[in-house]
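Working through the structure, step by step
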Amino acid sequence: MRVGVVTFPGSLDDGDAARAVRYAGGEAVGLWHGEDELRGVDAVVLPGGFSYGDYLRCGAIARFAPVMRSVVDRARAGLPVLGICNGFQILAEAHLLPGALIRNDVRTFVCRDQALRVENATTAWTSDYEAGRRIVVPLKSGEGGYVADQATLDRLEGEGRVVVRYVDGNPNGSMRDIAGVCSEDGRVVGLMPHPEHAIDSLTGPGTDGLGFFTSLLTSMGAAA
Amino acid sequence: MSPDTVQRAARTPDEPQPWADLGLKEDEYARIREHLGRRPTSSELAMYSVMWSEHCSYKSSKVHLRQFGEKAPQTDALLVGIGENAGVVDVGQGYAVTFKVESHNHPSYVEPYQGAATGVGGIVRDILAMGARPVAVLDPLRFGPLEAPDTLRVLPGVVAGIGGYGNCLGLPTVGGEVVFDPSYAGNPLVNALCVGVMRREDIQRSAASGVGNLVVLYGAKTGGDGIGGVSVLASETFTDTGPTKRPSVQVGDPFTEKLLIECTLELYAAGLVVGIQDLGGAGLSCATSEMASAGTGGMRVELDKVPLRDQTLAPEEILMSESQERMMAVVEPAKIDAFLAVCAKWDVLATVLGEVTDTGRLVITWHGETVVDVPPRTVAHEGPVYHRPYERPSWQDSLQADDPSRLARPSTPDDLRATVLRLAGSPNLADRSWVTDQYDRFVLGNTVLAQPEDSGVVRLDEQSGLGVAVATDCNGRFAKLDPYEGARLALAESYRNVATVGARPLAVTNCLNFGSPEDPEIMWQFAEAVRGLADGCLELGVPVTGGNVSFYNQTGETAILPTPVVGVLGVLDDVARRTPSGFRTPGQVIYLLGETRDELAGSEWAHVVHGHLGGLPPRCDLQAERELADILVNASRDGLIDAAHDLSDGGLAQALVEACLRYGVGARVWLPDGLDPFVGLFSESQARAVVAVPRSEEVRFTDMCTARRFPHVRVGVVDDGGPDGAALDVQGLFRIPLDELRAVHEATLPASLATPTTPR
């Protein structure tokens, strides 16, 4: 199983995402922002960071990177894509996922071990969890407030497309405590918290995040 | 306007020059003329003024700092010592680690966000220039009283600036300090420490070597920011009157710095760099003169080739600009194409400015005309050296005589309980999450421990588990009571913090923050602190690898507490063996290590409850510190302890509060027989720690302490409280439920600093 991890200028957690893919048993393949070649990968992770400095608006410039043309095309055809933090912001800017991420209501960057509830355990990236499970993974973002219009929020709820929700307190003012959402086919998932930082209790709050990466391998039926 | 050329300077020897406005003294100006045999051009004057500033030349501190070399302990660990951008130590398995702490105090007062942000950026480039990948940052910060209006201006900006820059750069912030004291009200201290790692053979030097090799400037364009930053900002005392100095503060772009890091590491890996230096204080003046004097001896630079953000900049301004995110490299001509290709890959602008020569002169031209022609050593290394007068302050005796024995002490169980709570919620001891939650501690995936742990611990090698621990400490009140002992106590605490997590202390960096060196009493504080630190490092066997001096930290006549911040770096052969600070497993036995004496002078209790500072600081026994460190490191390696927490500010009471709140697991504690409960709870005696020992290891652990004749006493058990809930229960005195303790401990900073939110 080859999982591409994109490096944009300003990507920071690309190494961590690649490590998480390896921990799950996959092969991490580096993808460069300036090339539209996806090198035959079976899935793509858009990692956290500050692509292009997040100047203008988070994810707004990365969306136009050559690699994103291919990611968007393939995602519409079912390629599993996981956007973490800045990756989620890029997916929202690219309209692969609905809604937008705005400045935290607390108006500061928030870095903490965050409790989440897995709401949808049927996506390509969450099938190894049971629905309703409480997990703890790091959240670290300044612009993580999820917003969308009421109709969109209602549709997401109705279609079960809220993938993870904040519990034990809303850290950033996200509407309906939404931490992550998915595409209609459940193949594209974006979330603000960082599952790749919760794969080893030595360096994270635990191993609750590894399930995102093992889920992919399970759902693709090809654990290497 | 035509530039002031060397030819013109020779023709117009008597032309008046603004040396005083540039911060030079009359004799210094005379000395420049002597070096050159003529008046300097305006460009040369600009270079000398910034390079001979206190900040760059260490002219007041040099004669004292020599002790760090003269008294250096014998060690095989030191690969690069004082004098380079940062010192480098051998941490084993082929790895070398470089670390250094620097100040950005004045810019952070003027413009908190950018001042703090560029403080991080500057130290990160120092580490990068040594050949290392930066891997972690720590931020020792000091502010005026928490409730002071200006603190509410400065602190949020500083914290947001550190977070905004460090987070965007992708470096975990793993530790530091947040200290409040009235003396920092008009003069906050913003120090930043960076740690970097490389293979031993990959150490880079900042020398312009090899005649004909090319001098390349790469990174951001040069703008008007930070011009005169070093001379005007860093070397003059703030006064209430006078023009605003905001334009002298640099503006940071962490995104460019991130690209600069990745680009530079790729250049190193491809073997494309002969010599390298970052551009920080004094900008191009510093990089050209230092690299030239460290190398073959000469350099020719075409200044008009420098890419500019502002086309109106004059050559003097370009030489002084402190625009951030710039590096200078020396590259062999045959490799320049490859060098430029790597820069292009990372969208980093790179420009060949000139070449290395063997003329012994640094020659800088502006559109073909020579504006600088100097022996580079006279700029970089042969600046003035002052033997400033120093004198023990007239008030030192009365300060030391005013010991805290006359202060009312709590004696009833209720009073003791209330004091524990009051201290736990006091600004210096309260939970720091409001600050530290604004820093990314996870990025890079190697952070094993971060604040509020005793030290930050980062893994260097995923296979072997090799890692380093770093802590910074200083109690400025102790340093005021006795600067010599205060510096040794800062070293002792930092050393102890590193050992507490299980790391073997290896090397020291320091950031010496003091008032004006022109005041003999301040100079005495400085001289005493340096002497104390050098003596202490020799006694503990840990060399000073580098550091930074920040003078003129005062507002008007009022100086800050003398604040020699000491950073200690230690090594863990396997970070999986690190010892965290929190109690976790009920039933484990709590031991207090070390000797407790009636030592309350300069303590947090005296400060919070009585607003008192006087007496002599706690005794500093470095031999005991060394023995304690040995026990903590060996106990970690042998798996004898599950938690350890150092005793410092607030004494045993605060250490227990923190160890209980970390994981929400309580403790039942009995104070040692014969010890006054107040002294037992609040004394700040040194060389102490609490540890949690699994019962299965208790005999081995106590045998180890006994064999070393180190004082150890069983003071309690880790306890989840059963049906009553977790609590800190000091038997026979009081019981405080952890919920109550947590509420007090966590409320203080947000109550002053948090902004209200409105629901979406």
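Residues numbered from 1 in each chain as written. Chains lettered and ligands numbered in written order. Predicted model: local features only at pLDDT ≥ 70, side-chain atom pairs only at ≥ 80, totals over all residues.

Quick notes on the sheet that holds strand β6 (residues 189-199) of chain B
Paired through backbone hydrogen bonds, the strands of a sheet run either parallel or antiparallel to each other. All names here are of chain B. Read from one edge to the other, the open sheet built from six strands follows the order β1-β2-β3-β6-β4-β5, with strand pairing classed as mixed. Of all strands in the sheet, those with a lone pairing partner are β1 (78-80) and β5 (173-180), marking the two edges. Each strand of the sheet is rotated relative to its neighbour by a mean of 25°, with strand direction disregarded. Across the face of the sheet, helix α7 (residues 112-129) comes into contact with β3 (95-103), β4 (133-143) and β6 while running at roughly 25° to β6. Contacts from helix α8 (residues 149-169) reach β4, β5 and β6, with the element oriented near 180° to β4. (Pairing = 2+ DSSP bridges. Helix = DSSP H or I, 4+ residues; strand = E, 2+ residues; numbered from the N terminus. Axes fitted to C-alpha atoms, helices over the stretch in contact; angles between N-to-C directions. Contact = placed C-beta atoms within 7 Å.)

Points about the pairing of strand β1 (residues 2-7) of chain A
Residues and elements named next belong to chain A. Within β1, five of the six residues are buried, which leaves it mostly tucked inside the rest of the structure. Pairing between β1 and strand β2 (residues 27-32): six bridges, direction parallel. When the sheet's bridge partners are listed, Gly4 is paired in β2 with Val29. Between β1 and its parallel partner β2, the chain crosses via helix α1 (residues 14-23), and the hand of that crossover is right-handed. Sheet topology note: the β1/strand β3 (residues 43-46) ladder contains three bridges and is parallel. Residue Val5 lies in a different strand from β3, and its bridge partner there is Val45. (Buried ≥ 20, exposed ≤ 12 C-beta atoms within 10 Å, placed from the backbone. Right-handed = clockwise from strand over helix to strand, strands pointing away.)

Structural notes on the packing of helix α19 (residues 483-500) of chain B against helix α22 (residues 622-637) of chain B
Residues and elements named next belong to chain B. As a packed pair, α19 and α22 sit with axes 9 Å apart at the nearest point and diverge in direction by 10°. Considering their axes alone, α19 and α22 lie roughly parallel with respect to each other. Across from Arg488, Ala492, Tyr495, Arg496, Ala499 and Thr500 in α19, the residues of α22 making contact are Leu622, Glu625, Leu628, Ala629, Leu632 and Val633. Looking at the contact of α19 with α22, its residues break down into eight nonpolar, one polar and three charged. (Parallel < 35°, antiparallel > 145°, perpendicular 65-115°, else oblique. Nonpolar A, V, L, I, M, F, W, Y, C, P; charged D, E, K, R; others polar.)

Here we look at the pairing of strand β15 (residues 456-459) of chain B
All names here are of chain B. Of the two faces of β15, the one holding Gly456 and Val458 and the one holding Val457 and Arg459 are both buried throughout. As judged from the two bridges shared by strand β14 (residues 447-449) and β15, these two strands associate in the antiparallel manner. Considered in β15, the bridge of Thr447 is made with Val458. Turn length for the β14-β15 hairpin, with the two strands adjacent in sequence and antiparallel, is six residues. In this structure, β15 lies alongside strand β16 (residues 467-473), joined through four bridges in antiparallel fashion. Note on β16: the bridge partner recorded for Val458 is Val468.

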